[in-house]
Amino acid sequence: MLNIKTESMNFVVSSSTLLGHLQAVSKVISSKNTLPILDNFHFLINGNNLVITTSDLESTLTTNIELIQSDGNIDIAIEAKRLLDMLKEFPEQPLTFNINEETKSIEITTSNGKYSVVGQDGADFPKVPEIKKENAIGFHLSTEALLSGITKSVFATADDELRPVMNGIFIELSPENITFVATDAHKLVRYRRLDANCETTTSFILPKKPATLLKNILGRKEGIVNVLFDDKNAVFSFTDYTLVCRLVEGNYPNYNSVIPSESPNRLTIDRVELYNTLKRVSVFANPASNLVRLNLAANQLTISAQDIDYAISAYERINCQYEGTEMEIGFKSVFLIDILSNISSTEIFLELSDPSRSGILLPAEKDEKEEILMLLMPMMINS
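Note that the structure is predicted; figures quoted are calculated from it, not measured.

## Overview of empty space enclosed by the protein
Move 1: Taken as a whole and judged by the stated rule, the model has one cavity of 30 Å³ or more.
Move 2: There is about 30 Å³ of room inside the largest cavity.
Move 3: Phe139, Leu141, Leu146, Ile171, Ile178, Phe180, Val227 and Phe236 are the residues that line the largest cavity.
Move 4: Looking at the lining of the largest cavity, the elements that each hand over two or more residues are strand 11 (137–142) and strand 13 (178–183).
Move 5: By residue class, the composition of the lining of the largest cavity is eight nonpolar, no polar and no charged.

## Side note on the side chain of Thr60
Move 1: Its location among the elements puts Thr60 in strand 4 (residues 59–66).
Move 2: A polar contact is formed between the side chain of Thr60 and the side chain of Ser55, at a distance of 3.2 Å.
Move 3: Setting aside residues up to four positions removed in sequence, Thr60 forms contacts with Thr53, Thr54, Ser55, Val128, Pro129, Thr242, Leu243 and Val244.

## Points about the packing of aromatic side chains
Move 1: A complete count under the given rule lists eight aromatic pairs for this structure.
Move 2: Both rings, one in Phe139 and one in Phe229, keep their centres 6.4 Å apart while their planes meet at 75 degrees; by these two values the pair is edge-to-face. A residue pair is termed long-range when its members are at least 10 positions apart, and Phe139 in strand 11 and Phe229 in strand 16 (residues 224–229) qualify at 90 residues.
Move 3: Given a relative accessible area of 4%, Phe229 falls into the buried group.
Move 4: On the numbers, 6.3 Å between centres and 65 degrees between planes, the contact of Phe170 with Tyr255 is edge-to-face. Note that Phe170 is positioned in strand 12 (residues 168–173) and Tyr255 in the loop between strand 18 (241–246) and strand 19 (265–270), a separation of 85 residues in sequence.

About the cut-offs
Residues numbered from 1 in each chain as written. Predicted model: local features only at pLDDT ≥ 70, side-chain atom pairs only at ≥ 80, totals over all residues. Heavy atoms only, no water. 1 Å grid on protein atoms, 1.4 Å probe; cavity = no way out; pocket = protein on both sides within 12 Å on 5 of 7 lines; lining within 4 Å. Points joined across faces, edges and corners; volume = space filled by probe spheres on them. Helix = DSSP H or I, 4+ residues; strand = E, 2+ residues; numbered from the N terminus. Nonpolar A, V, L, I, M, F, W, Y, C, P; charged D, E, K, R; others polar. Polar contact = N/O pair within 3.5 Å; in protein donor to acceptor, adjacent residues only side chain to side chain. Contact = heavy atoms within 4.5 Å. Phe/Tyr/Trp six-rings, centres within 6.5 Å; stacked < 30°, edge-to-face > 60°. Buried < 20%, exposed > 50% of the residue type's maximum accessible area, 1.4 Å probe, protein only.

Below you can see the structure in the form of structure tokens.
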């Protein structure tokens, strides 16, 4: 009788470390993957180094973990949902993975039990896109600068199938600064970092999903992000994570042309007070339009809303500083609230030219590292 020996390998990893990294990269996995293999974590083990990869074909996120112990190399894919659901229930402890290289069966042993799953051949997992070195442009910036740029702008991106360039953040590079721009044609954000730059003047459009992925991970990291991009893809590398994503193709609209050159009327007001007042008053706005009216006069702002269909209305007065002509202007409340929640200044400026032109919102306090401009288009007020 033949004695058939099956090859297997073992590795040991901290349950909480593994869970933290898996949760971070799992956000790439789409609920509607075209390839079944993409519903898996790709584990590539070389010695004591574990590289975990997830992908939706548009974005690929990898992370590195130092294993407690390993007795070989392996390339395998493991079902993501089941592994995550299991790990969430474990207290911190070492987990031993025993992988049969022939059958791809996996046994996960804990201090109290054993769990068996079946993996897939890791060679079937899509390869990470490569940057064309001859066309590549690189730059670096702090994690804090990139996080701020994404956080301050991603909320203003569009969901427009007809104009895909509006569905991402336009990142404009120059030897002087790096500018993040986003607009959905109703609101616009221009966020500029003065402490970051690139040797050449160029730009690319970062899609919303990878931008959100970066936002989720960068908040827990400190250090430098190295960025390398060509005409198709971009790579963001920092600490133990690397994100490769396909860029949005096309020309971004000339955003500077919609920013008014002169806005002689200026309102100075407490941001939190304005935000809270808008939240209260907008409850009484027509749900279809979300229209709120701002009536500006000397040192007083009146915010009002009404829904004629239900005979309800509300108004509040706020003390402020206003320099300019008396004016009444309408805005969509949800957009204005969105903008105010993404400015961190105690006081803000609202600069206006007339009721038919966009309003500019600026933080009253200056930060030497950044410049923020947020713009909101007005709504027509039916008298």
